[in-house]
Amino acid sequence: GVVFSISSSQTQEELGLSGSRACLVGGAKDGSDITVGSETAYDASVKLVGAMLQINVYDSSNPTGEKVKSVSVNAPAGKLSGNVTVGYDGDVKSVSGTGSSASVSVDNPEIVVADKASAKGIYLAAVPVQMDADDSGTLTYTVATDGSVYEFTVTEAVNWEAGFVSTLDIDLADATKVEREKPIMPSTH
C-alpha cells in the first residue's frame, strides 16, 4: 500500500479549495497496471485519501471586517493527524492517528462574510475518525481572526469518513469570543 502522512499543522494559500489540500490515489478501474506514456487508453479512477473537513466561517450578526487567519480543531477523544495507509485501489488498509488536534493557517486571509452561502471554505485534511457524542464537547473549533479568537464546541457524534468531504458551518455570532479585540491604537500611558 501507500502511506500518506497528514500533518497536525497545515497551511492554505487562500480561502477555497486548492489542489494541494487533498491526498489522492488512483489507478485503472479494472485493477490493471497503468504505464505512463503508453498509447493505451485507460478507464481510471481517483479517490480522496483520508477525510477532508470544509469549514465555512461567517458572521450573521455583525461582520466587522475581521479576516480569518486560522482554524484549529481539538478532539480530546479522537486522533486527527497521523498516517493513512491505502491500497492502490484507494481502500483504507490502516489508520495510525497520532495527534488529537490539527490546524490550518491561511496565508492570504479574507474578510469574514455575513452569510454561509458566501463563505469560502477553509479545508483541513484529517485521518478518518469517528467519535461518539460527549456532553463535555466532542470537538472544539478555534477560529483566529486578525482581531479576535473565537471558540465553537460541538457535542454531537462525528464521523469523518475516508474519501469524503464533511462540511461545518461556523457562525461567529454563535461562537464564544475568548480573546478581546486588539486595540486600534496602542496605549501611550
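Keep in mind it's a predicted model, so treat the numbers as computed, not measured.

Asks: I'd love a proper account of the confidence of the model for the protein chain, names of residues and values included.
Replies: Caution applies to low-pLDDT parts of the model: their predicted coordinates are not meant to be read in detail. Averaged over the protein chain, the pLDDT score is 81; the fraction of residues at 70 or greater is 78%. Averaged pLDDT values over the elements of the protein chain bottom out at 66 in strand 3 (residues 24-28) and peak at 93 in strand 6 (residues 68-74). Throughout residues 183-189 the model reports pLDDT below 50, and contacts reaching past four residues in sequence, or to other chains, amount to 0 contacts.

Asks: So what about the environment of Thr 145? Which residues, and what values?
Replies: Tracing the chain through its elements places Thr 145 in strand 12 (residues 139-145). Considering only alpha carbons, one finds Thr 145 and Lys 67, 78 residues apart in sequence, at a separation of 5.1 Å. Not counting residues up to four positions away in its chain, the partners in contact with Thr 145 are Glu 66, Lys 67, Val 68, Lys 69 and Tyr 150. Only 2.5 Å separates the side chain of Thr 145 from the side chain of Glu 66, close enough to count as a polar contact. Polar side-chain contacts of Thr 145 include one of 3.1 Å to the backbone nitrogen of Gly 147.

Asks: Can you lay out the pairing of strand 13 (residues 149-154) for me, pointing to particular residues and giving the numbers?
Replies: Across 6 bridges, the pairing between strand 12 and strand 13 is antiparallel. Residue Leu 139 lies in a different strand from strand 13, and its bridge partner there is Val 154.

Asks: How would you sum up the sheet that holds strand 1 (residues 2-6)? Please name residues and give values.
Replies: Sheet architecture is open: 3 strands sit in the order 1-7-8, paired in antiparallel fashion. The open sheet has two edge strands, strand 1 and strand 8 (92-99), and neither has a second partner. When strand polarity is set aside, the average angle formed by the axes of neighbouring strands in this sheet is 15 degrees. For strand 1 and strand 7 (residues 81-86), the ladder comprises 5 bridges, and the chain directions are antiparallel. If you follow Phe 4 over to strand 7, its bridge partner there is Val 84.

Asks: With reference to specific residues and values, describe the nonpolar core.
Replies: By size, the foremost hydrophobic cluster in this structure holds 30 residues, and its most contacted members are Ile 122, Leu 139, Tyr 141 and Trp 160. In terms of residue count, the dominant contributor to this core is strand 5 (residues 51-58) (4 residues). Residue contacts for Ile 122: discarding those within four places in its chain leaves Gln 12, Leu 15, Leu 53, Gln 54, Ile 55, Val 57, Val 68, Val 71, Val 104 and Val 106. Counting 7 residues, the second largest nonpolar core, distinct from the first, contains Phe 4, Ile 6, Val 49 and Val 127.

About the cut-offs
Residues numbered from 1 in each chain as written. Predicted model: local features only at pLDDT ≥ 70, side-chain atom pairs only at ≥ 80, totals over all residues. Heavy atoms only, no water. pLDDT = per-residue confidence, 0-100. Helix = DSSP H or I, 4+ residues; strand = E, 2+ residues; numbered from the N terminus. Contact = heavy atoms within 4.5 Å. Polar contact = N/O pair within 3.5 Å; in protein donor to acceptor, adjacent residues only side chain to side chain. Pairing = 2+ DSSP bridges. Axes fitted to C-alpha atoms, helices over the stretch in contact; angles between N-to-C directions. Core = buried A, V, L, I, M, F, W, Y, C linked by side-chain atoms within 4.5 Å. Buried < 20%, exposed > 50% of the residue type's maximum accessible area, 1.4 Å probe, protein only.

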